Amino acid sequence: MAKNQSEYLIKRNNNEYEVIIGLEVHAQVLSESKLFSSSPTKFGAEPNTQVSLVDAAFPGMLPVINEFCIKQAIKTGIGLNAKINKRSIFDRKNYFYADLPQGYQISQYKNPIVGEGSITLDLPTGEKIVGIERLHLEQDAGKSIHDMDPQNTLVDLNRSGVALMEIVSKPDLRSLEEVNAYVKKLRSIMRYLGTCDGNMQEGSLRADVNVSVRKKGQKGFGTRCEIKNVNSIKFMQMAIDYEANRQVDIIEDGGTIDQETRLFDIKKNETRSMRSKEDAHDYRYFPDPDLLPLELSDKFINDLKKNIPELPDEKKKRFIEKFKLSSYEATILVSDIETSKYFEEVIEKSDVKLSTNWITGELFALLNEKNLEISQSPITAKNLSKLINLIKNGTISGKIAKSVFEIMTERDKDPQTIIEEKGLKQQSDPMELEKLIDKVINDNQDKVKEYKSGKEKLFGFFVGQAMKVSSGKANPQLVNEILKKKLK
Amino acid sequence: MSDIIELTLVELANKIKKKEISSKEVTTAYVDRSEKSKKLNTYITEDFENALKKADNFDKNPNYEKKLSGIPMAVKDLFCTKNLRTTAGSKILGNFIPTYESTVTENLWNAGAILLGKLNCDEFAMGSSNETSFFGNVQNPVGEDLVPGGSSGGSASALAAKLTPITIGTDTGGSIRQPASFTGTVGLKPTYGSCSRYGIVAFASSLDQAGPMTRDVKDCSLLFEVMSSYDYKDSTSVDFKRRNYLNDLNNSIKGKKIGIPKEYRVDDMPKEIEGLWQKGIDIIKESGAEIIDISLPNTNYALPTYYIVAPAEASSNLARYDGVKYGFRSKGENLIEMYEKTRSEGFGNEVKRRIMIGTYVLSSGYYDAYYLKAQKVRKLIKNDFDEVYKKVDAILTPSTPSSAFKIGEKTNDPVSMYLNDIFTVPINLAGLPAISIPAGLDSKGYPLGLQIIGKAFDEQNILNIAYSMEEQIDFKNEIKDWWM
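Computed from a predicted model, the values in this text were never measured in an experiment.

Novice: Just checking my understanding: could you explain the overall build of chain A for this structure?
Specialist: If you tally the helices and strands in chain A, you get 15 helices and 16 strands. For chain A, whose C-alpha radius of gyration is 30 Å, the value lies well above the compact-globule estimate of 23 Å for 488 residues. Every one of the 488 residues in chain A was classed for burial, and the buried ones make up 52%. Taking the contacts inside chain A whose residues are at least 6 apart along the sequence as the reference set, 69% of them involve residues at least 24 apart. Carbon and sulfur atoms make up 48% of the accessible area of chain A, which totals about 23800 Å². When the 74 basic and 73 acidic side-chain charges of chain A are each reduced to a single mean position, those positions are 6 Å apart.

Below you can see the structure in the form of structure tokens.
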């Protein structure tokens, strides 16, 4: 682990506290059907329309493992450089709740499908490796709706039985920036793999956050609190910040931290106790007798390994080595699979350096401004590539290109067509340019004198005049050359 | 007409195929007799009208190619039947009408059988006397105020009283074999994984297995053949080659090695049972099979192991009966109160007892001492069988430590009730097949059974041994229709 990354310390009196963070991320497996039934998993469907007899726990109904979900979990494990356990067991986690039809959740307790692994974070200060404790598969519960009927709680079982991966990190995170980088990187890896869409608004990615504090330099961990079910990075950061400060205040007042489960209240920006360790549920875990232990052959795992796509870390390495990108540029371009796809499509036919600049510059600015994902970009990779080629071959100047880009944002039109329609093509005929420059020289004899008497800074003035006269269309490189000749 | 009910399944099926009798005649005979036998309380839900209609339809448009063409039958009320109430003997499912069919019953209907109705059983199959049913206890046709055994008590009683030609039960710790023994009928608990559990109300998932209950071994072979199938909807279903058990039935057991486990000679075993066991041994010897003394050293731990494993699974399996989705619901001020009232009122005492035992043995701090330990012992019990099966082909024991007892005799003493399963429980723990066949009557005239235990998926072998013994024993049930 790299040391002294972004320092996140809480200071009280003369003490400095370090914050220890671990995340249990619940990622919804990208799958057409549920973990143990064939019901669909589409988001936003009418309540109770994606429910089978198995999901609603009718008498005599039995779970059957969805092989696709198993493959997704293994692929994710491979993406986390983790050990794939050839034998894993599904357990029942028993508790009563209205939206838990079976009266237990099928989960994996002592024998998860994926063991220890790691994620490399790309931080401004460098890389940091965060340990993964495990990944296990479990069913999601349904949803209780308390505010639709004055008397009754309503239950929607559409989510009941949807496959989740619980990915547990080691307590290796030390700052809010690291939490941000960790969640983003995990999300990115899963999106590259196609194992989770990472859509936090739709609840595809949520986390339980474990927080403890200790005096800087102290060995061993303090008592931790777990903040349940936080569904955005921003809320995770707010919750951690509140919780860490709360714990420090208690310790500074001479108190001790109680191990407990807490809830984050978004409106009040505070965490509240949900239940103490003494009140913790006794889930009475035991192996689900309806499901045999899951045993995987080497071949099954290896076949999946063979089909793992290039992941962000490898891609970044390749971009740096092959395209001579800076680490910073490469990190940005691989951070999201859609961005990397866009980039690779553009550079397939265009200059890498120019493409990098245009994507990380103009395009990102545009997407930011319009609050769009790259997949929603108004300018397709194909047309951006054409625009860059027009710059590269001298058809238009960089400046004109920006105007063309502007027009392209309105309608994703072929830049060539725009140039022709608007007559923006670069003036590159030397004869024409000579005439134009002669005119500039004639019109500015006084400046020519000054220049010739040594005021060489005026060269830029002549270039500017030539561009102005040509309405910006003159090829600046040629203008330079001709001017140099004429002004000798 | 009255002799129709005397026919075995195989005889009936042949006569229907030969058009000597119609399905309607058969169905009518059984419906009539069932109507006159309400005192036995075997049925929870009758479906006689539909059965007669179906029989009529069969006769009008017959298909004689199937194994159970036009055969009426009632089934234990633990199998979910589409559009027909399925209660599991419990108030909590007292109004539950499934929209789906269990795989085993589906197999029956696909083979041409016709449903007569749903038979009484201990609540959630938890009991050995059919006294825990919410729908009242069942009379054993063998004698007034005798229990028929349990949990498939209604099935055994209906079969012995000739209210159905064949039936099916489920066996978690002896629930087919013990009532078969108490009523002088044949009951097979197949190898775990042989019959699909899909659509059967679960008691203890790792032990539950459906099986045939019939008047003789031939019927048992045919019915088992129809019931057993590989089913992807049950992850514990095993994809092995099913045989034509009836066709392959063979009464020659010459050269077979049959083990007699010394641990089954329990203290205070009634002399009559020991006598019948010896009679069985002698018959086997006379048939040219070899008797070998064997030891199953962990037999003593089977009952306590069972009463940890089964309640543990049950406590979790029964969590779904919470009043939220289907079945009985009691009113409460809030969710917790609704749960408490629903489950307090919806479950009977024996079910509650087992839920509490199961919850206890799974709770943190006790899990290792009880559940985990029990799983280890279970493995040892299985190892015992694996070991002896290197030397023998099958094992012969009594089915039960006593004959049928009086209604109410053991209801206040759960442990003595549990002891009824002492000879049957180890087989469920090991997942093996075992058949109970009638071996004779005790001094009171009550039937007693012998149990033949086989190797996994070796049902054919124990059916053959049972078939051979059946011929020699020539058992006659003395049922006098006292309830009519």
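Novice: Could you clarify how one ought to interpret the overall build of chain B in this entry?
Specialist: Looking only at helices and strands, chain B features 15 helices and 11 strands. Relative to a compact globule of 484 residues, whose C-alpha radius of gyration would be 23 Å, chain B shows 21 Å and is just as compact. When the backbone C-alpha atoms are referred to their principal axes, chain B occupies close to 65 × 55 × 45 Å. Across the 484 residues in chain B, those meeting the buried criterion constitute 64%. Entry remark: accessible area of chain B is about 17200 Å², with carbon and sulfur atoms responsible for 48%. If the 59 positive side-chain charges of chain B are averaged to one point and the 62 negative ones to another, these points end up 3 Å apart.

Novice: I keep staring at the pattern of salt bridges and nothing clicks. Help me out?
Specialist: Side-chain pairs of opposite charge can arise where the charged atoms are in close proximity. Inspection of every chain in the model, using the stated rule, returns 67 salt bridges over all chains. Note that Lys11 of chain A is salt-bridged to Glu16 of chain A, the shortest N-O span being 3.7 Å. In this structure, the salt-bridge partner of Glu295 of chain A is Arg87 of chain A, at a minimum N-O distance of 3.0 Å. A residue pair is termed long-range when its members are at least 10 positions apart, and Glu295 of chain A in strand β16 (residues 294-295) and Arg87 of chain A in strand β3 (residues 87-88) qualify at 208 residues. Counted as one network, the salt bridges with shared partners bring together Arg92, Asp288 and Asp290 of chain A together with Arg197 and Asp234 of chain B.

Novice: So what exactly am I meant to see when it comes to the interface of chain B and chain A here?
Specialist: Interfaces are often described in size by the accessible area the parts lose on coming together. Tallying the contact residues gives 38 residues for chain B and 30 residues for chain A. Of the roughly 2800 Å² buried at the junction of chain B and chain A (both faces included), carbon and sulfur atoms supply 59%. Considering only the side of chain B, the residues that lose the most area to chain A are Ser235, Ser316 and Arg320 of chain B, jointly responsible for 21% of the buried surface there. For the interface between chain B and chain A, the tally reads 1 salt bridge. Between Arg197 of chain B and Asp290 of chain A there is a salt bridge; the shortest N-O distance is 3.1 Å. Across the contact surface, chain B and chain A share 17 residue pairs in polar contact (both at pLDDT 80 or more). Among the elements of the structure, α9 (302-317), α10 (335-346) and α11 (349-362) of chain B are those that each provide at least two residues to the side of chain B that touches chain A.

Novice: Looking at this structure, I do not really get the nonpolar core. What am I missing?
Specialist: Taken as a class, soluble globular proteins show a tendency for nonpolar side chains to be buried jointly. Counting residues in hydrophobic clusters, the biggest one holds 146 residues, and the most contacted among them are Leu108 and Phe124 of chain B. Counting residues per element, this core draws most heavily on α9 of chain B, at 9 residues. Filtering out sequence-adjacent residues up to four positions away, Phe124 of chain B remains in contact with Leu78, Ala88, Ser90, Ile92, Leu93, Val201, Ala202, Phe203, Leu318, Tyr321, Phe347 and Val351 of chain B. Grouped together as the second largest cluster of nonpolar side chains are 103 residues, Ile106, Val213, Met408 and Ile418 of chain A included.

Novice: Just to check I follow, could you spell out the packing of helix α13 (residues 445-452) of chain A against helix α14 (residues 459-469) of chain A for this structure?
Specialist: When two helices pack together, their arrangement is given by the angle between their axes and by how far apart the axes lie. All names here are of chain A. At a minimum axis distance of 10 Å, the contact between α13 and α14 shows a crossing angle of 150 degrees. In terms of axis orientation, α13 runs roughly antiparallel to α14. Here α13 contributes Lys447, Val448 and Tyr451 to the contact with α14, which in turn contributes Phe459, Phe461 and Phe462. Of the residues contributing to the contact of α13 with α14, the split by class is 5 nonpolar, no polar and 1 charged.

Novice: Would you take a moment to explain the domain arrangement of chain A for this structure?
Specialist: Domain boundaries in chain A define domain 1 (9-305), domain 2 (310-422) and domain 3 (430-486). In this structure, domain 1 of chain A and domain 3 of chain A have C-alpha centres spaced 67 Å apart.

Novice: I tried to follow the packing of aromatic side chains on my own but got confused; where do I start?
Specialist: Here a ring pair, both rings aromatic, is described through the centre-centre distance and the interplanar angle of the planes. Using the criterion set out here, one finds 36 aromatic pairs over all chains in the structure. Every member of this aromatic cluster is reached through a ring pair, and the members are Phe58 of chain A together with Phe96, Tyr100, Phe124, Tyr321, Tyr326 and Phe347 of chain B. Seen from the ring of Trp277 of chain B, Arg265 of chain B lies directly overhead, with NZ or CZ sitting 4.5 Å from the centre.

Novice: Before we go on, may I ask you to explain the sheet that holds strand β5 (residues 104-107) of chain A in this structure?
Specialist: Neighbouring strands of a sheet are bound in pairs by backbone hydrogen bonds; such pairs are parallel or else antiparallel. Here 3 strands make up an open sheet; going across it, the order is β5-β4-β15 (chain A) and the pairing antiparallel. With one partner strand each, in any of the chains shown, β5 and β15 (286-287) of chain A form the two edges of the open sheet. Pairing geometry for strand β4 (residues 91-94) of chain A and β5 of chain A, over 4 bridges, is antiparallel. Bridging from a neighbouring strand, Asp91 of chain A pairs with Ser107 of chain A of β5 of chain A. Together, β4, β5 and β15 of chain A form the strand contacts of α9 of chain B, whose direction differs from that of β4 of chain A by roughly 60 degrees.

Novice: I tried to follow the sheet that holds strand β8 (residues 290-294) of chain B on my own but got confused; where do I start?
Specialist: Residue and element names in this part refer to chain B. With mixed pairing, 8 strands are arranged side by side in an open sheet as β4-β6-β5-β10-β11-β9-β7-β8. The two strands at the open ends of the sheet, each matched to only one other strand, are β4 (167-170) and β8. The mean inter-strand angle of the sheet, taken between neighbouring strand axes irrespective of direction, is 30 degrees. Across 5 bridges, strand β7 (residues 257-261) lies against β8 in parallel orientation. Residue pairing in the sheet places Gly259 in a bridge with Ile292 of β8. Along the sheet, helix α8 (residues 271-286) contacts β7, β8, β9 (394-398), β10 (434-441) and β11 (447-454); its crossing angle with β9, the most-contacted strand, is approximately 150 degrees.

Novice: Is there a simple way to explain the environment of Lys36 of chain B in this structure?
Specialist: Residues and elements named next belong to chain B. Among the secondary structure elements, Lys36 is positioned in the loop between α2 (23-35) and β1 (43-46). Between the C-alpha atoms of Lys36 and Ile437, which are 401 residues apart in sequence, the distance is 28 Å. Setting aside residues no more than four positions away along its own chain, Lys36 makes contact with Trp483 and Met484.

Novice: Explanation requested: helix α15 (residues 459-473) of chain B in the structure shown.
Specialist: Because an α-helix packs 3.6 residues into every turn, residues spaced three or four apart end up facing the same way. All names here are of chain B. Taking 1.5 Å of rise per residue, 15 residues should cover 21 Å, and α15 covers 20 Å from first to last C-alpha, within 8% of that figure. Across the 15 residues that make up α15, a large majority, 12, are buried. Looking only at α15, the buried set comprises Glu459, Gln460, Asn461, Ile462, Leu463, Asn464, Ile465, Ala466, Tyr467, Ser468, Met469 and Ile473. Just downstream of α15 lies Asp474, where phi reads positive at about 50 degrees.

Novice: Looking at this model, I keep getting lost on the state of the cysteines. Mind explaining?
Specialist: Note: disulfide means a covalent bond formed between the sulfur atoms of two cysteine side chains. All names here are of chain A. As enumerated under the stated definition, the model contains 0 disulfides over all chains in all. Just so you know, Cys196 is unpaired, no disulfide at all, and the nearest cysteine sulfur is the one on Cys69, 12 Å from it. According to the relative accessible area criterion, Cys196 is buried, its value standing at 1%.

Novice: Help me understand the side chain of Asn94 of chain A, please; the structure alone is not making it clear to me.
Specialist: Among the secondary structure elements, Asn94 of chain A is positioned in strand β4. A polar contact of 2.8 Å, which involves the side chain of Asn94 of chain A, links it to the side chain of Ser316 of chain B. Residue contacts for Asn94 of chain A: discarding those within four places in its chain leaves Gly103, Tyr104, Asp282, Tyr283, Arg284 and Phe286 of chain A together with Ser316 of chain B.

Novice: Is there a simple way to think about the environment of Gln375 of chain B in this case?
Specialist: By the element assignment, Gln375 of chain B lies in helix α12 (residues 368-388). Linking Gln375 of chain B and Thr305 of chain B, residues 70 residues apart in sequence, is a C-alpha distance of 7.7 Å.

Novice: Is there a simple way to think about the pairing of strand β11 (residues 205-215) of chain A in this case?
Specialist: The two faces of the sheet receive side chains in turn, since in a regular strand these alternate between them. Residue and element names in this part refer to chain A. Extensive coverage of β11 is indicated by the burial of 10 of its 11 residues. Relative to β11, strand β2 (residues 15-28) is paired through 11 bridges, and the arrangement is antiparallel. Bridged to Glu18 within β11 is Arg214. Summarising the sheet, β11 and strand β12 (residues 225-230) pair through 4 bridges and their orientation is antiparallel. Its bridge partner being in β12, Asn210 is matched across the sheet by Glu226.

Novice: Where do I start with the environment of Pro433 of chain B in this structure?
Specialist: All names here are of chain B. When you line up the elements, Pro433 lands in the loop between α14 (425-430) and β10. Of the residues examined, Pro433 reaches a relative accessible area of 0% and is grouped as buried. Along the sequence, Pro433 and Asn140 sit 293 residues apart, while their C-alpha atoms lie 25 Å from each other.

Rules behind the numbers
- Residues numbered from 1 in each chain as written.
- Chains lettered and ligands numbered in written order.
- Predicted model: local features only at pLDDT ≥ 70, side-chain atom pairs only at ≥ 80, totals over all residues.
- Heavy atoms only, no water.
- Helix = DSSP H or I, 4+ residues; strand = E, 2+ residues; numbered from the N terminus.
- Rg over C-alpha atoms; globule rule 2.2 N^0.38 Å.
- Buried < 20%, exposed > 50% of the residue type's maximum accessible area, 1.4 Å probe, protein only.
- Contact = heavy atoms within 4.5 Å.
- Areas by Shrake-Rupley, 256 points an atom, 1.4 Å probe, with all protein chains shown as cover.
- Lys, Arg positive; Asp, Glu negative; His and termini not counted.
- Charge placed at Lys NZ, Arg CZ, Asp CG, Glu CD.
- Salt bridge = Lys/Arg side-chain N within 4 Å of Asp/Glu carboxyl O.
- Buried area = accessible area lost by both parts, 1.4 Å probe.
- Polar contact = N/O pair within 3.5 Å; in protein donor to acceptor, adjacent residues only side chain to side chain.
- Core = buried A, V, L, I, M, F, W, Y, C linked by side-chain atoms within 4.5 Å.
- Axes fitted to C-alpha atoms, helices over the stretch in contact; angles between N-to-C directions.
- Parallel < 35°, antiparallel > 145°, perpendicular 65-115°, else oblique.
- Nonpolar A, V, L, I, M, F, W, Y, C, P; charged D, E, K, R; others polar.
- Domains from an automatic or database assignment.
- Phe/Tyr/Trp six-rings, centres within 6.5 Å; stacked < 30°, edge-to-face > 60°.
- Lys NZ or Arg CZ within 6 Å of the ring centre and 35° of its normal.
- Pairing = 2+ DSSP bridges.
- Expected span 1.5 Å × (residues − 1).
- Disulfide = S-S within 2.5 Å.

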